[in-house]
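# Fold and contact review
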Amino acid sequence: MKLLSIDPSLTSSGWSLFDLSTGSLIAYGILSPPKPPLPLSQRLKIFQNDVGELFQTLKLSNKDFLVCEGPGQLVLNPMSSLKVERVRSIFESMARSLGVMVPGRINPRSVQSEVLGLKGRQADRKTVKEITRATVNTLFNKELSRHKKVKQDIIDAIALGVYVMPRIQNAIQICKSGSRYDFENLIIDSIQPKASQSKRWSGSAVKARLSQ
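Turning to the sheet that holds strand 1 (residues 2-7), a few remarks are in order. Strands sit in the order 3-2-1-4-5 across an open sheet of 5 strands; the sheet is mixed. Each edge of the sheet is formed by a strand with only one pairing partner; in this case those strands are strand 3 (25-31) and strand 5 (105-106). Here strand 1 pairs with strand 2 (residues 13-19) via 6 bridges, running antiparallel. Bridge pairing links Lys-2 to Asp-19 in strand 2.

If you want it as structure tokens, here you go:
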């Protein structure tokens, strides 16, 4: 089973692929749609084809997972945020079309708090990026050393995967033990809709998916 974590962007979406059984980083990269003056609709169409090709290359199946970074709590540019949401939705909808499990989105502040140790007041963007890179380089120095300079979008996607991976692994173990558990609640956080607004997965439902 694999985890594909995504840092979505209309200009440069970072992705990273993890082996859930070992926690190892298998692959990583960037997907970039064409730039203006090409109309947005055409840019997104081309990008959707690129996402489909990536999924085929990575051989994602119904035993794998995809998680995107969600929007931050403070949105400075609503129009930009809407464009990123379209990109995010392309990843998620195409994953679902392949049966890949999409348990939720992750608040970037959760990654900063739990992976980077940045609790309390929001640090400035430059500081967050520097600490994220240092942390990811420490964890995956061997995997990243084959490239001279790994782009920040990839670094952010890897940090997201580091946050999500133990939650998915924990959920899988609970399901294998026969326990019933709200699978989404193990992975998603506060940026998700309330339970009354979305369908929840039981542990038995996930166990059935994993046995297919």
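Here the focus is the pattern of salt bridges. Under the defined criterion, the tally for this structure stands at 5 salt bridges. Across the pair Glu-85 and Arg-105 runs a salt bridge whose closest N-O atoms are separated by 2.7 Å. Of this pair, Glu-85 sits in helix 2 (residues 78-97) while Arg-105 sits in strand 5, placing them 20 residues apart in sequence. Its relative accessible area of 24% is what places Glu-85 among the partly exposed residues. A relative accessible area of 16% places Arg-105 in the buried class. Put simply, Glu-114 and Lys-119 hold a salt bridge, and the shortest N to O gap is 3.8 Å.

Calculation notes
Residues numbered from 1 in each chain as written. Predicted model: local features only at pLDDT ≥ 70, side-chain atom pairs only at ≥ 80, totals over all residues. Heavy atoms only, no water. Pairing = 2+ DSSP bridges. Helix = DSSP H or I, 4+ residues; strand = E, 2+ residues; numbered from the N terminus. Salt bridge = Lys/Arg side-chain N within 4 Å of Asp/Glu carboxyl O. Buried < 20%, exposed > 50% of the residue type's maximum accessible area, 1.4 Å probe, protein only.

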